[in-house]
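# Structural description and commentary
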Amino acid sequence: MNKMLIAIVAAGLLFGATSAQAHCDAVDGPVAKAAQKALENGNVNPVLAYAPATAETEIRAAFDKSRKVRGLGGEARALADQAFMETVIRLHRAGEGAAYTGLKAAGGDYGPVIPAAEHAVESGDLTKLKAVLAEQIEHALSERLAHVRELQKAPQEPRTAAEVPSARERISAELGLITFAETVHQAIQGKGSEHHVD
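Residues numbered from 1 in each chain as written. Predicted model: local features only at pLDDT ≥ 70, side-chain atom pairs only at ≥ 80, totals over all residues. Heavy atoms only, no water.

The next point concerns a nonpolar patch on the surface. Side chains of Leu133, Ile137 and Leu141 sit close together on the surface and give an oily, nonpolar patch of about 200 Å² of accessible area. Positionally, leucine 133 belongs in helix 7 (residues 127-151). Residue class for leucine 133 comes out partly exposed when judged on its relative accessible area of 36%. (Patch = residues over 30% accessible without salt bridge, like charges linked within 9 Å, V, L, I, M, F, W, Y side chains within 5 Å. Areas by Shrake-Rupley, 256 points an atom, 1.4 Å probe, with all protein chains shown as cover. Salt bridge = Lys/Arg side-chain N within 4 Å of Asp/Glu carboxyl O. Helix = DSSP H or I, 4+ residues; strand = E, 2+ residues; numbered from the N terminus. Buried < 20%, exposed > 50% of the residue type's maximum accessible area, 1.4 Å probe, protein only.)

In terms of nonpolar packing, the biggest core is built from 21 residues, with Val44, Val47, Ile59, Phe63, Phe84 and Val88 touching the most fellow members. Of all the secondary-structure elements, those providing two or more residues to this core are helix 2 (30-41), helix 3 (45-48), helix 4 (56-70) and helix 5 (74-96). Per-element tally for this core: the top contributor is helix 2, with 6 residues. (Core = buried A, V, L, I, M, F, W, Y, C linked by side-chain atoms within 4.5 Å.)

All right, on to the environment of alanine 26 then. Within the secondary structure, alanine 26 sits in the loop between helix 1 (3-15) and helix 2. For alanine 26, a relative accessible area of 0% translates into the label buried. Note: C-alpha distance between alanine 26 and leucine 103 (77 residues apart in sequence) is 5.5 Å.

Looking now at the packing of helix 2 against helix 4. Two elements in contact, helix 2 and helix 4, have axes separated by 10 Å at closest approach and are oriented at 60 degrees. Accordingly, the angle class assigned to the pair helix 2 and helix 4 is oblique. For the pair helix 2 and helix 4, the sense of crossing is right-handed. In this structure, helix 2 uses Gln36, Ala38, Leu39, Glu40 and Asn41 to contact helix 4, whose residues at the interface are Phe63, Ser66, Arg67 and Arg70. By residue class, the composition of the contact of helix 2 with helix 4 is 3 nonpolar, 3 polar and 3 charged. (Axes fitted to C-alpha atoms, helices over the stretch in contact; angles between N-to-C directions. Parallel < 35°, antiparallel > 145°, perpendicular 65-115°, else oblique. Left-handed = near helix turned anticlockwise from the far one by under 90°. Contact = heavy atoms within 4.5 Å. Nonpolar A, V, L, I, M, F, W, Y, C, P; charged D, E, K, R; others polar.)

Taken by themselves, the reported measurements are silent on function.
Okay, here's the thing in structure tokens:
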């Protein structure tokens with residue numbers, strides 16, 4: 001059996017891949033970057049911070065195996081790198097209680113919030129992030145309120161059975177606006193929006 005075939009089989013057996021749903025799952029995301037840097041410099045410790053403590057043994061074992069397979073060079077190195085990234089990201093996602101469905105390609109469009117939040121983390125400046133969030137909240141609230149105002153042409157208290165569907169739609173829109181506002185408020189209060197790696 002040649003070295004390449006051994007590397008392919010080893011990578012598949014050692015690391016198994018599942019899949020990804022978040023920015024953290026991208027090849028150019030923070031977890032993959034940390035994994036790649038660890039493979040390059042031989043220090044696994046910074047990667048461990050991205051996953052729960054219970055995953056450390058598996059990450060260390062995958063790291064050691066990847067470093068050995070990388071020594072075969074070429075495609076074996078690329079497969080070992082990818083397998084290690086997938087292992088770390090899978091365990092990171094598990095620590096969040098989220099599913100992993102595979103690595104995302106680099107350059108994904110995550111909308112304006114993630115880049116603005118990353119900029120705030122890197123620079124310590126919230127200006128861009130506040131502007132993006134304010135714009136998006138304003139847009140969402142305005143859309144919902146415009147929909148409510150349009151539906152308020154229907155009676156709130158229907159007098160006939162024929163008026164019930166339009167009244168139901170009106171009340172649904174009104175409660176939808178209120179629920180949306182409360183959801184935003186709870187997120188601001190820090191309820192349900194934390195990012196944990198337990």
